[in-house]
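# Remarks on the overall topology
Here's the letter readout for the chains.
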Amino acid sequence: MEQPSGHEQNADQIAYWNGPSGQRWADRHSVQERLLGPIAEVLISRAKPKPGERVIDVGCGSGATTVAFAKAVAPNGFALGLDVSDPMLSQARATAPKGLPLEFVLADATVHPFEPASFDLLASRFGVMFFADPVASFTNLRRALKPSGRLVFACWREPKENPWMMTPLMAVYKHVPKMPPVGPDEPGPFAFASEERVMRILKGAGFVDVAMEPHNLAMDIAIGGGLEAAVDSSLQIGPASRALQGHPPETYEAAKASIREVLAPFLKGQSVALQGAIWIVSAKAA
């Protein structure tokens, strides 16, 4: 498996997304896209890609957002999907429709040598919260934008505002010790939850007219598959999954039962919907 050369401080993240966790995301790409697809729709509606534009999709994962951007800017535009995860990019290359103006590149956005002032739009759905040095990373990305270029990305708000992730995790914590707290400046899913921090990072990287729009939505973690599908989803992806890593089978089964118990009241038909909360962040290059 290939791993990109990258900023030395991003080494842990590169290893993580090229290990079992990255492979799990790749294997579940179609299921995860059904869960996160509505967020892609919000992102793209705010980004307003136009035919002929050139787009960078940072942390593109298995490529669904890159494909959507490529369709929007075709036939004369171009979408570049960038990620550090070889398993997910392999999935992206295998599943992207042929004939679209796109390319997937295995690279670390912090140090990738983009052609200066060559893109109109920098976008991301949950792909920018994992930089060890986000000011340096966004500075490098801003250089790739034309002076008229713009930035739009989605990131998670506070954990307490995202019970679709935290409710299963609290059930798991009945059986395992709590994971060490993540520092406010450390990479992770909630690293951009603070409005003040995001503003400081983007302005420090040279962006202007930074704006943050809160957006709430229902996250059906069953993806229409019923209670057992919701339990399985919680155990495969997200903080509950990470908390259970390395624990014995009996602990796993006990935690699974607790997740089932806590999610059961949310079952309506074949859906298990809990609240999700994101920021849609926008800015201009100059």
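Notes on the structure follow.

Here is what the cut-offs are and how they apply
Residues numbered from 1 in each chain as written. Predicted model: local features only at pLDDT ≥ 70, side-chain atom pairs only at ≥ 80, totals over all residues. Heavy atoms only, no water. Helix = DSSP H or I, 4+ residues; strand = E, 2+ residues; numbered from the N terminus. Rg over C-alpha atoms; globule rule 2.2 N^0.38 Å. Buried < 20%, exposed > 50% of the residue type's maximum accessible area, 1.4 Å probe, protein only. Areas by Shrake-Rupley, 256 points an atom, 1.4 Å probe, with all protein chains shown as cover. Lys, Arg positive; Asp, Glu negative; His and termini not counted. Charge placed at Lys NZ, Arg CZ, Asp CG, Glu CD. Pairing = 2+ DSSP bridges. Right-handed = clockwise from strand over helix to strand, strands pointing away. Phe/Tyr/Trp six-rings, centres within 6.5 Å; stacked < 30°, edge-to-face > 60°. Salt bridge = Lys/Arg side-chain N within 4 Å of Asp/Glu carboxyl O. Core = buried A, V, L, I, M, F, W, Y, C linked by side-chain atoms within 4.5 Å. Contact = heavy atoms within 4.5 Å. Expected span 1.5 Å × (residues − 1). Bend = angle between axes of the 7 residues up to and from the residue. Axes fitted to C-alpha atoms, helices over the stretch in contact; angles between N-to-C directions. Parallel < 35°, antiparallel > 145°, perpendicular 65-115°, else oblique. Left-handed = near helix turned anticlockwise from the far one by under 90°. Nonpolar A, V, L, I, M, F, W, Y, C, P; charged D, E, K, R; others polar.

### Structural notes on the overall build of the protein chain
- Counting secondary structure elements, the protein chain contains eleven helices and eight strands.
- Taken against the 2.2 N^0.38 rule, which gives 19 Å for 286 residues, the C-alpha radius of gyration of the protein chain at 19 Å falls within 12% of a compact globule.
- For the protein chain, the spread of C-alpha atoms along the principal axes amounts to about 55 × 40 × 40 Å.
- Looking at the protein chain residue by residue over its 286 residues, the buried ones come to 54%.
- For the protein chain, the accessible area works out to roughly 12,500 Å², and carbon and sulfur atoms hold 55% of it.
- Distance between charge centres in the protein chain, computed from 27 positive and 29 negative side chains, equals 5 Å.

### Considerations on the pairing of strand β5 (residues 145–156)
- Counting buried positions along β5 yields nine of twelve residues, so the element is predominantly enclosed.
- Alignment of strand β4 (residues 119–125) against β5, held across six bridges, turns out to be parallel. The residue bridging R125 from the neighbouring strand is A154, located in β5.
- Regarding topology, helix α6 (residues 134–143) serves as the crossover connection from β4 to the parallel β5, and that connection is right-handed.

### A few points about the packing of aromatic side chains
- In total, this model carries ten aromatic pairs according to the counting rule given.
- The interplanar angle of 65° and the centroid separation of 6.2 Å between the aromatic rings of W17 and W25 together place this pair among those described as edge-to-face.
- For the ring pair W17 and F130, a centre distance of 5.7 Å and an interplane angle of 75° mean the geometry is edge-to-face. Residue W17 is found in helix α1 (residues 11–17), and its partner F130 is found in the loop between β4 and α6; the two are separated by 113 residues along the sequence. Across this residue pair, the class does not change: W17 and F130 are buried.
- Each member of the aromatic cluster is reached from another via a ring pair, and the members are F131, F138, F153, F192 and F207.

### Overview of the pattern of salt bridges
- According to the stated counting rule, one finds ten salt bridges in the structure shown.
- Close ionic contact of R157 with E161 constitutes a salt bridge, the shortest N to O distance being 2.9 Å.
- Classification of R157 as buried rests on a relative accessible area of 7%.
- Take E161: its relative accessible area is 25%, and that puts it in the partly exposed class.

### Some remarks on the nonpolar core
- Grouped together as the largest cluster of nonpolar side chains are 94 residues, with contacts concentrated most on F138, F153, W156, F192 and F207.
- Apart from residues lying up to four places away in sequence, F192 is in contact with V128, M129, P134, F138, F153, C155, W156, R197, V198, I201 and W279.

### Considerations on helix α3 (residues 29–47)
- Over its 19 residues, α3 runs only 23 Å from end to end, short of the ideal 27 Å by more than 12%, given 1.5 Å per residue.
- At L36, α3 shows its maximal bend, which comes to roughly 55°, and the proline P38 appears one to four places after that position.
- Every buried residue belonging to α3 is among Q32, L35, L36, G37, I39, A40, V42, L43, I44 and A47, and all of these are buried.

### Observations concerning unusual backbone geometry
- The peptide bond linking A74 to P75 adopts the cis configuration, its omega dihedral lying at 5°.
- Of note, P75 is situated in the loop between α4 (64–73) and β2 (78–83).
- One non-glycine residue with positive phi stands out, namely D209, at about 55°.
- Structurally, D209 is set in strand β6 (residues 208–220).
- Of the residues examined, D209 reaches a relative accessible area of 54% and is grouped as exposed.

### A look at the packing of helix α9 (residues 227–236) against helix α11 (residues 249–263)
- Close contact between α9 and α11 brings their axes to 10 Å; oriented N to C, the two are set at 125°. What the angle tells us is that α9 and α11 run oblique. Along this stretch, α9 crosses α11, giving a crossing that reads as right-handed. Along the contact surface, α9 presents L227, E228, A230, V231, S234 and L235, while α11 presents Y252, K256, I259, R260 and L263.
- In the contact of α9 with α11, the residues fall into seven nonpolar, one polar and three charged.

### What to know about the packing of α6 against helix α8 (residues 195–204)
- Running from N to C, α6 and α8 point in directions that differ by 50°, and their axes come no closer than 8 Å. Accordingly, the angle class assigned to the pair α6 and α8 is oblique. Seen from above, α6 lies across α8 with right-handed handedness. Residue-level inspection shows P134, V135, F138 and T139 of α6 in contact with α8, the latter providing R197, I201, L202 and G204.
- Grouping the amino acids of the contact of α6 with α8 by side-chain chemistry returns five nonpolar, two polar and one charged.

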